[in-house]
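Okay, here's what each chain looks like letter by letter:
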Amino acid sequence: MNNRSPIVLTGIAASPGFAAGPLCRLDAVTASYTPKATSTEEIEALNGAIAMASAAVASLIERSSGESADILEFQLAMLSDDTLAEPALAAIGQGADAASAWARVLDAEIAGYEASGDDYFRARSADLGDIRDRVLRALVGTDMLATLPGAILAGEDLAPTRFLETDWSAGGGIALAAGSSASHVAMLARSRGVPMVVGLGDALSTLSGEVLLDAQAGVLTALAAGGDIARHRAAAAAFAAVRSSAAAYLSKPALTADGTPVLAYVNVADPSDVDAIDITTCDGVGLMRTEFLFSRGLPDEETQYRAYRKVLEWAAGKPVTIRTVDAGGDKPVPGFTVAEGNPFLGLRGIRLSLSRPDIFRVQIRALLRAAVHGSLKVMFPMIAVESEYARAKAMFAEEALALSTLGTVHRIPPLGIMVEVPSVAIAPQAFSDVAFFSIGSNDLTQYVMAAARDNASVARLNDTAHPAVLRLIGEVAAFGAAHGIPVSLCGDAGGDPALIPHLLKAGLRELSASPAQLAAAKAAVAGVTL
C-alpha cells in the first residue's frame, strides 16, 4: 500500500492523450560491456556492432518516409563513413576496449557539433548521440526493443529512431525532462497519437515505478493514490470517447452547429503523406511544406516539379497551397542557410530566398511547370514588407516569360502570403493586391508573445488563445472579408480542438490541420455556434 504523498511534475503537453505504466529510463545502464581477450577481438566486436546498427537503421528507413526517413538516412550515412570509427579503432590498438573507445570518440564528436556556430550541425548532435548509444547497445547485446508494453519512456530527450523502434500498439507514452513540443519526436508522437509531455525538469530523474501521464494538462504523477488513479482513468476514457466520436466527422463536410460551412484542409510535409489520405475527406491542401526537398542538399528543378505534380494530381482539382521554401530559423539547409546569432529574426523564409535568386528561381520554375497539373496556389513565408512580395511576384513573371520563350508549358498560379510577422497582421492594407492570406499561427504567436515555440521554459507564454494574438487574427480575417481576399490558417492551431472555437469566432472560415488532426478539427467545428 502506498502511504507516501503523490509526486506531481508539471511540464508542457507536446502530444495529447493519457497513459499509465512503468517508467522506462532511456538513460539507464541496462548491461555492461565485457572486454575481449585481444585487440583483434575488440576490433571485430566494434565493427560487428556498427554493422548491426547500420542494418537496424536501414530496416527503419524502409518503413519510414518524409522527415523520419531524412533523419534516418543521415544516421546511416554517418555509420557508413569509415572515418567515424577510425579514431576508436586506433584507441583499441593502444589498449582500450571497444565500448570505452567508441564512447570517447563519439562524445568528442558530439561536443564538437554542439559547439558549432552552424544551426545545422548543432541540430545533428542529437543524431550523433543516437548513433553512439545504438552501437553501444549492440556491443553489450542489449535488445533495442526491450521496453515493457505500455511503458512511459523517460529521460532528458528521446531520439527519433528510439521512437520509431518502439511498439506503441500496447499504449505507453513519453515523459521528457527537457525536449520540445516542436521537435521531430513531438511531430512523430502527434502523428501516431502517442501521449507526450516535455519540460518536466530534473526531478524526473528521481522517479521510478508506475506513473500516470496526462498529456492534456502536461502533468506526470508518481506514487499516485486511489483517487488520482480513478480520476486519471475517467479522464482517459473521456478523451478516448471524444476521439472515437470525432472519427465520424472525418467523411463529412465541416459545418458549425448552426450550419456555417468551414473549409477544412490538410497540411502536407512530404508528397508521400498523401498516399494515406482520402482526398474526399478534406477540401484540399492548406499547406504543403517544401523544406523536405532541401533536407539532403539543394534539389534540382525536375525533382521539385515531380514532387509538386504528385500532390496536385492526387488533389484531383481541389486547391493545393504550396509554400516556397521556409529555410532558416530552426530549419537549417547546408549550402543555403547561414549561421546567425538569432536565426528566428534573421535571414529566413522569403528573405533568404530573395537573397539567393539562383536557388529561388529553380523552385519558381518547378512551381510554374507543375501548376498546369491542378489547382495550385503559392504562398511566400516570412513576408514583413510589401516590397518582398513585389520582388517575389516579379520573379515569377520573369521566369514565366523565360519558360514561354522556350515553349515550356506552364501557368502562373495565384500568389499569396503567410501572415506570421506582426507587421503584416497589424497593417494588412499594404498587401491588398495579394491573392490570399494564410495565417501561420506558430510564428505569429511566438513573435507577438516574444516566446520561442521550441523553448520549454517560456512555452506557457506561447499561447495562440492570448487576446493579443486572437485580436490580430480577427483583424486580418475582417480585412480579408472586406476586400474579397480569402484568409485561412495553417499553423498548429488549425487542428487544436480547444483553439478552433476561438478561431471561428475571430472570423476565420478556412482551417488547415495535419491529417491526424482532421477528424478532431471537424468535430470541434461542429460544436461551435456562431
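How each quantity is defined
- Residues numbered from 1 in each chain as written.
- Predicted model: local features only at pLDDT ≥ 70, side-chain atom pairs only at ≥ 80, totals over all residues.
- Heavy atoms only, no water.
- Helix = DSSP H or I, 4+ residues; strand = E, 2+ residues; numbered from the N terminus.
- Contact = heavy atoms within 4.5 Å.
- Buried < 20%, exposed > 50% of the residue type's maximum accessible area, 1.4 Å probe, protein only.
- Core = buried A, V, L, I, M, F, W, Y, C linked by side-chain atoms within 4.5 Å.
- Pairing = 2+ DSSP bridges.
- Axes fitted to C-alpha atoms, helices over the stretch in contact; angles between N-to-C directions.

Engineer: Break down the side chain of S438 for me, with residues and values.
Structural biologist: Mapping S438 onto the fold places it in strand β15 (residues 437-439). If we ignore the near neighbours within four places in the chain, the residues touching S438 are M379, I417, M418, V419, S488 and C490.

Engineer: Can you explain the environment of A56? Please cite residues and give values.
Structural biologist: Mapped onto the secondary structure, A56 falls in helix α1 (residues 39-62). For A56, a relative accessible area of 27% gives the class partly exposed. Each C-alpha atom of the pair A56 and L352 lies 37 Å from the other, and the pair is 296 residues apart in sequence. Setting aside chain neighbours within four positions, we find A56 in contact with R134 and E165.

Engineer: So, the nonpolar core: which residues are in play, and what are the values?
Structural biologist: By size, the foremost hydrophobic cluster in this structure holds 83 residues, and its most contacted members are F380 and F437. Residue contacts for F380: discarding those within four places in its chain leaves T324, I350, F360, Y389, A392, K393, F396, L415, G416, I417 and M418. In this structure, A101, I110, A151 and F163 belong to the second largest nonpolar core, which totals 52 residues.

Engineer: Explain the sheet that holds strand β3 (residues 18-25) to me, and be specific about the residues and the numbers.
Structural biologist: What the eight strands build is an open sheet, ordered β1-β8-β7-β3-β4-β5-β6-β2; its pairing is mixed. Whereas interior strands pair on both sides, the edge strands pair on one side only; in this sheet they are β1 (7-10) and β2 (12-15). Along the sheet, successive strands turn relative to each other by an average axial angle of 30 degrees, direction set aside. Where β3 and strand β4 (residues 152-155) come together, three bridges link them in parallel fashion. Bridge pairing links C24 to L153 in β4. With respect to the sheet, helix α8 (residues 226-246) is in contact with β3 and β7 (210-214), its orientation differing from that of β3 by roughly 120 degrees.

Engineer: A description of the pairing of strand β11 (residues 285-288) should follow, citing residues and the corresponding values.
Structural biologist: With three bridges joining them, strand β10 (residues 261-268) and β11 adopt parallel strand pairing. Along β11, the bridge assignment pairs V266 with V285. Pairing between β11 and strand β12 (residues 319-323): two bridges, direction parallel. The residue bridging M288 from the neighbouring strand is I322, located in β12.

Engineer: Any details on the side chain of T324? Residues and values, ideally.
Structural biologist: Tracing the sequence through the fold places T324 in the loop between β12 and α10 (350-355). The residues touching T324, leaving out its near neighbours within four places in the chain, are T290, E291, F360, Q363, L367, V378, M379, F380 and P381.

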